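Below, each chain spelled out in residue letters.
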Amino acid sequence: MIETRQQRFTESISEALDYQAHKDTPQLFSYTEKIAGVEEINPIAVFQYTQSFKGSRFFWTSPEDGMVLIGLGSAYQFKENKTNGDRFEHVHSEWNDLLKSVYIDNPYNQPGTGPVIMGGFSFDPEESSELWENYPSSQMTLPEYIITIDDSDAYLTCHIRFDGQVDIENCRASFTQMIETMKQHPQQGSKDPECVNQQAKSAEEWKETVRSATERIENKQMNKVVLARELRVSFTQTIPVSRVLENLLEQQKQSYIFALESGEDCFIGATPERLVKVENGELLSTCLAGTSPRGETPQEDEVLGNELLYDEKNRMEHAFVVDMIKQAIEACSDNVEVPESPVLYKLRNLQHLYTPVKGKLREGHSLLEVVRSLHPTPAMGGVPREEALSFIKEEEKADRGWYSAPIGWMDAMDNGEFAVAIRSGLIQKNEASLFAGCGIVKDSDPEKEFQETQIKFSPMLMALGGLQ
Ligand SMILES: C=C(O[C@H]1C=CC=C(C(=O)O)[C@@H]1O)C(=O)O
């Protein structure tokens, strides 16, 4: 088995080198292999044992299909800063150009294997700040190694650049070494560092901004706006990212768990909000807006859930999102299906109103084009979009950076998925900035909205060990 594997790798890379020798483009080789023994692979252990890639790792898992994607290192990167051009279109066209020059050996028809780019975008391409200096307005990376795990199989993909002397033996040995790394057992015993300080901008100031938003809504200058807050937390020691990931995986089973390292920082979170998923042309988007806490007992939980389902203010907040997403998906898809009424989506700390939107992506439309038309939905920006965004720019005092923006991956067959990076935080050594926001409509009560943001901080606070 090992011998056959080594042979396949050697033959494939030799063929690629040979093929590329007659061309003046390329220079990239993409090779995928199915790895036996998926039950042995522990995603957290992979993260713990790949410290040599620290600063350029990506972690993703989806609650629906349980798929895990880990990206390590960078063989190629699309990156753009502070632009008012079309950053989604730029990535889309550069990705398609790059794909023309990749020699691909991937015999598996499995989404998320072969050449896959991973990363995300900032909320507002025109904003930049010191806090987010390691996170440009768009950054999608083709990793050196990609580990893809679905329920029954695991795959390893590697990307090798052909722009210098290629040592085939070395490349093959590194690939084999990475397979060994995938099968390591997690290291036990790391403790959560102690939280020593939590600091947010003045609560009164934030509530005042909510009041001024409701006034604008009363005056018919807008219908809805989402306002966010930032909480800076400090710990006694450097925050261990793999430990936080492990906690999120255990505590937030209904959410996407993601992490993206960039330089010394790590943007990490557990978001329930799918922006869009495309698999073999089937499209799925999600409207998630309208929030209530979970009850202490099943009875209280049911009462709170029912109140949320029939609450006029929350239904209005939700309906703005459904209308916009439905319209955007209809513009690029056939057979669009949207249920009449929302259902409840229950998380550990909160429950939301939830409406799925399904369709068949029309020929000629791409995943990134859908991301561009959806971002930001009224669950993150507001209605009308431009009015809400300029209110956020002028009045909201949070440095959003990548919070509430698209994060995800896409492969060479235009399969992929983007979530909206909420319930998230930016880890910087022993400190982290956490973010939480709420949809404001005309009947919003500033105190209640403030309490809602407090609960929305809890998934990250819990995972960091900062929630007593
Ligand atoms: C903006 C956030 O949540 C959004 C997603 C779901 C429900 C929301 C709400 O009910 O306000 C928000 O629109 C956040 O968690 O930071």
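Residues numbered from 1 in each chain as written. Predicted model: local features only at pLDDT ≥ 70, side-chain atom pairs only at ≥ 80, totals over all residues.

Named according to an unreviewed UniProt entry, the protein chain is Isochorismate synthase MenF originating from Salinibacillus aidingensis. In its Cofactor (unreviewed entry) section, the UniProt entry covering the protein chain states "Mg(2+)". (UniProt positions renumbered as here; feature names shortened; annotations may be inferred.)

Chemist: Explain helix α5 (residues 203-218) to me, using residue names and the numbers behind them.
Modeler: A rise of 1.5 Å per residue sets the reference length of α5, with its 16 residues, at 22 Å; its end C-alpha atoms lie 23 Å apart and thus fit the reference within 8%. Within the span of α5, buried status applies to Trp 206, Thr 209, Val 210, Ala 213 and Ile 217. The buried residues of α5 occupy an angular sector of 100° when the element is viewed end-on, so they sit on one face. In this structure, α5 carries Glu 204, Glu 205, Glu 215 and Glu 218 as exposed residues pointing more than 90 degrees from its buried face. Against β11 (224-235), α10 (385-395), β23 (431-440) and α11 (446-464) lie the buried residues of α5. Directly after α5, the chain includes Lys 220, whose backbone phi takes a positive value near 65°. (Helix = DSSP H or I, 4+ residues; strand = E, 2+ residues; numbered from the N terminus. Expected span 1.5 Å × (residues − 1). Buried ≥ 20, exposed ≤ 12 C-beta atoms within 10 Å, placed from the backbone. Arc of directions from axis to C-beta. Contact = placed C-beta atoms within 7 Å.)

Chemist: Quick one: what's the story with the UniProt feature "active site" (unreviewed entry) in the protein chain, residue by residue and with numbers?
Modeler: The sites that UniProt annotates as "active site" (unreviewed entry) are Lys 224 and Glu 273. With 25 C-beta atoms packed within 10 Å, Lys 224 lands in the buried category. Those residues in contact with Lys 224 that sit more than four places away from it in its chain are Glu 317, Phe 320, Pro 378, Gly 382, Val 383, Ala 388, Gly 439, Ile 440 and Val 441. Setting aside anything within four residues of it in sequence, one finds Glu 273 in contact with Thr 286, Leu 288, Ala 379, Ala 419, Val 420 and Ile 422.

Chemist: Let's hear about the domain arrangement of the protein chain: which residues, and what values?
Modeler: Per the domain assignment, the segments of the protein chain are domain 1 (2-182) and domain 2 (195-464). Taking only C-alpha atoms into account, the centre of domain 1 sits 27 Å from that of domain 2. On the side of domain 2, 43 residues touch domain 1, which itself brings 37 residues to the contact. Elements represented by at least two residues in the side of domain 1 that touches domain 2 include exactly α2 (43-48), β2 (57-61), α3 (87-100) and β6 (116-121). Ranked by the residues each element gives to the side of domain 1 that touches domain 2, the list is headed by β6, at six residues. For the side of domain 1 that touches domain 2, the per-class residue count stands at 21 nonpolar, 13 polar and three charged. (Domains from an automatic or database assignment. Nonpolar A, V, L, I, M, F, W, Y, C, P; charged D, E, K, R; others polar.)

Chemist: If you had to explain the site of the ligand to someone new, which residues and values would you point to?
Modeler: Around the ligand sit 19 residues in total, of which Thr 291, Ala 379, Ile 422, Gly 437 and Gly 439 are the nearest. Of all the secondary structure elements, the ones that give two or more residues to the shell around the ligand are β11, β15 (282-293) and β23. A breakdown of the residues in the shell around the ligand according to their chemical character gives nine nonpolar, six polar and four charged. (Near = placed C-beta within 6 Å.)

Chemist: Describe the nonpolar core, with residues and values.
Modeler: In this structure, Ile 147, Val 225, Phe 258, Val 276, Val 371, Ala 421 and Leu 434 are the most contacted members of the largest nonpolar core, which totals 124 residues. Formed jointly, this core draws a minimum of three residues from each of two domains, domain 1 (2-182) and domain 2 (195-464). Here Val 371 is in contact with Phe 88, Leu 275, Val 276, Pro 406 and Phe 418, once residues within four sequence places are set aside. (Core = buried A, V, L, I, M, F, W, Y, C linked by C-beta atoms within 7 Å.)

Chemist: Could you give an account of the UniProt feature "domain: Chorismate-utilising enzyme C-terminal" (unreviewed entry) in the protein chain, naming the residues involved and the relevant values?
Modeler: As recorded in UniProt, the sites labelled "domain: Chorismate-utilising enzyme C-terminal" (unreviewed entry) are residues 203-456. Helix makes up 35% of residues 203-456 and strand 37%, with an end-to-end C-alpha separation of 15 Å.

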